[in-house]
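Here's the letter readout for the chains.
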Amino acid sequence: MNAISEQQLEEEKLTIQAAYEQMLGKIKSSMDDEDKRNIKAAYEMAVEAHAPQRRKSGEPYILHPIAVAQICAEEIGLGPTAIVSALLHDVVEDTPVTLEDIQKEFGEKIAHIVDGLTKLDHSVNAESPQAENFKKVLGTLIEDVRVVLIKMADRLHNMRTLGAMPRHKQLKIASETEYIYAPLAHRLGLYAIKTEYQDLVLKIRDPETYHGIARKLQETKRARTTYIEKFIEPIQKELDEMDVPYKVLGRPKSIFSIMNKLKTKKVAFEEIYDLFAVRIVVDVPPKKEKPVCWLAYSTVTDIYQPIPERLKDWITTPKSNGYESLHTTVVGPNGRYVEVQIRSQRMDEIAERGFAAHWKYKGVSAQPNVYDRWLSSIRDLFDNKESDAVEFINDFKTNLFNEEVYVYTPKGDMRMLPKGATALDFAFDIHSEVGYHCSAVKVNNKLVPMGYKLKHGDQVTVITNKNQKPTESWLKMVVTGKARSKIRSSMKEELRKKGIFGKEALERKFKNLKIDFEENIDFLVKYYDLKSRVDLYFAYAIEQLSTTDINKLFTISNGKLTEIVEEVPESETDATAPSGPTRKERRKSKIKPKIVINGQSADQFKYELATCCNPVQGDYIFAYMSNNGCKIHRSSCPNATQLMANYGYRIMKAEWSASMGNDFVAELLITGVDKGVGVIQTLSVEISNKLGLNIRSFYIDGHEGYFEGRVKLVVSNTDQLTVAIKALKKLEGIQSVTRIA
Ligand code: MN
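Presented here is an overview of the structure given in this document. (Residues numbered from 1 in each chain as written. Predicted model: local features only at pLDDT ≥ 70, side-chain atom pairs only at ≥ 80, totals over all residues. Heavy atoms only, no water.)

## With respect to empty space enclosed by the protein
Enumeration over the complete set of coordinates arrives at two cavities of 30 Å³ or more. The computed volume of the second largest cavity comes to approximately 30 Å³. Forming the boundary of the second largest cavity are Gly 116, Leu 117, Thr 118, Lys 119, Asn 133, Lys 136, Val 137 and Lys 151. For the lining of the second largest cavity, the secondary-structure elements that each account for two or more residues are helix 7 (108–117) and helix 8 (129–141). The element that contributes the greatest number of residues to the lining of the second largest cavity is helix 8, accounting for three residues. (1 Å grid on protein atoms, 1.4 Å probe; cavity = no way out; pocket = protein on both sides within 12 Å on 5 of 7 lines; lining within 4 Å. Points joined across faces, edges and corners; volume = space filled by probe spheres on them. Helix = DSSP H or I, 4+ residues; strand = E, 2+ residues; numbered from the N terminus.)

## Some thoughts on the side chain of Thr 422
Here Thr 422 shows up in the loop between strand 8 (414–418) and helix 20 (423–430). A distance of 2.5 Å separates a polar side-chain atom of Thr 422 from the backbone oxygen of Met 477. (Polar contact = N/O pair within 3.5 Å; in protein donor to acceptor, adjacent residues only side chain to side chain.)

## Re the environment of Ser 29
Of note, Ser 29 is situated in the loop between helix 1 (6–25) and helix 2 (33–50). Take Ser 29: its relative accessible area is 32%, and that puts it in the partly exposed class. Residues Ser 29 and Gly 79, 50 residues apart in the sequence, show an inter-C-alpha distance of 5.8 Å. Residues contacting Ser 29, with those up to four places away along its chain left out, are Leu 78, Gly 79 and Pro 80. (Buried < 20%, exposed > 50% of the residue type's maximum accessible area, 1.4 Å probe, protein only. Contact = heavy atoms within 4.5 Å.)

## Some points on the side chain of Glu 324
If you trace the backbone, Glu 324 turns up in the loop between strand 4 (312–313) and strand 5 (326–331). Within the local environment of Glu 324, its side chain forms a polar contact with the side chain of Arg 346, the two groups lying 3.0 Å apart.

## With respect to the coordination of the manganese ion
Taken together, the protein donors to the manganese ion comprise His 64 (NE2), His 89 (NE2), Asp 90 (OD) and Asp 154 (OD), at separations of 2.2 to 2.4 Å. Each donor residue of the manganese ion belongs to the same chain, and together they define the spacing H-x24-H-D-x63-D. Asp 90 shares its class with His 89; the two are buried. (Donors = N, O, S within 2.8 Å, 3.2 Å for Na, K, Ca; no water.)

## Remarks on the pattern of salt bridges
One pass over the full model with this rule turns up 17 salt bridges. In this structure, Arg 54 and Glu 12 form a salt bridge, with 2.8 Å as the shortest nitrogen-oxygen distance. Highlighted residues: Arg 54 in the loop between helix 2 and helix 3 (63–76) and Glu 12 in helix 1, separated in sequence by 42 residues. For Arg 54, a relative accessible area of 26% translates into the label partly exposed. Across the pair Asp 429 and Arg 415 runs a salt bridge, and its minimum N-O distance is 3.1 Å. With a gap of 14 residues between them, Asp 429 in helix 20 and Arg 415 in strand 8 connect regions that are remote in the sequence. Classification of Arg 415 as partly exposed rests on a relative accessible area of 27%. (Salt bridge = Lys/Arg side-chain N within 4 Å of Asp/Glu carboxyl O.)

In structure tokens form, the structure reads like this:
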């Protein structure tokens, strides 16, 4: 490394000092003497600790924490505690300063935040360190949201200064930003930061498109400004008469959103009209917000013709991330559509800064505390101790949905679920026990399939049955992180039980066949190329392997198994003959688990289980398609995040075939007369309690006392089905029971 001259060092000192002072100037919250002392002390500690370090660009490292502190103050609106923590955020990780040092100097709270911002110890044996890190950060989210907000600022500064990094690292960081930081920023209401993340990701991924749009925006700036002025003028005249302080802004949309429009609408830049939005912000006390906003709305629509379908009232019902605003699109001069957003100063601040501004106004707005509710749903995810980090991140991401539906319990309580949530999600939302035992769901008093997608205003009743339990197929019927993780952990438990059952069954069989268990079991594990005895028990339990196979393949003498070596005709062993599968391969394929890729049997793909993570049945998996065929990875595979982030287009959904064991689903058509005794109740008691069968779905339609129902049952064999049909036919009021599928 080149020696740095005295003079250069002097200059750098000045630059650092100037950056620090500039940052101080951006702190808006009031500070007492102690705050000032703490910030100064943190600055001095960080300067000294980072002194020998430089960033990839060559500049002194300390400029990074100062910049992060500035983003916290200026763009997120955080106060002194966060500024101190931001200044110290990389100190523990990268320098000799310890957490104890920080605690001594700044106290418990700051130490806690800095700890949250410090990456996991590298010695921790994590399958996916990246995901583990993020899980750690999110874990602190529910205790102190500032950790995540500072992390957002940290990531923003890193994204802004990514230029000095090698290309592959840039791409990796961009993928991470797109995958989790941007949705999280959205959920936290950090609108400006989310938009900048998206723009920066695009700039890295596709610099040509990015710069192309940026250039065109620049070129058309003057014409746009003229148009906006012309549009605003009559509005301003009217608003002036209202005698309410206001401002009107016309701003271009983000490069990312313009790029999306170009792509989805397949039009040229010149053909996009809504390149900008006009925003009217009124400054009135909270009580007057709503009437004044509507007054402004009526002013605008008196001047310009509104498009009725485009009116969005997020003042009466705010978005789940706290966003409040009135949106409309009107026909402006020259017939151009213009989006107009109307909101109060307070709403504007929440819209730009979300979470941070939200606390400032806590209690002011009439809206339910959306963040508290969201945080409690995140807390639910953390309750599930079993989920590994990648599963957790996946579940977490499903909690980042943009929109939701409002539905009601039978008692009239409102529940908020993400858009796309199903009846089964609702059951899990009420309580995990209700979810586990959900056997049927009624929406507005009509039975619906469990996968029914909830609509606004639905009243939902869950019918439970204690014999009901989650199956693999349930995972396809839910979208919420909570339901997914609960179903998965219940299934893992089920697998464990199946394994125990398999062991017992195998022991019994061995005893009957007079095979010594301990002496042969490991031999079989090896023979089938399995990883452990547990895998063998499991394979036996779900009948991927049977004692008939064992009888065919082995001879038994003195309690010991010996492989029967097939007599292979001489000609076939000829070296010139095309080589068929070796015995080992045949053996492997025999026990190869069934997998479904994108809803189709995986057999058509040349698929293999990845050796880096060795998935076993029940693991959460995905398929990675490459030129050499298809590999099945565990979602928690150390390579998963990287594969998903970098080769999204090669990833396909994969699941273990639902036929765990030999269970299959049969559908019955049941007709009869409903005498008002509750035919559903009667049928489900008979099926679940008396016959002990699982109901997959239940749909009943009735009019004038006559009903027709479709019930899907999970049965192991046709005998079981015949018994069930007979039993159901005997029930009072039932006329016919027919198998239709
Ligand atoms: Mn950092």
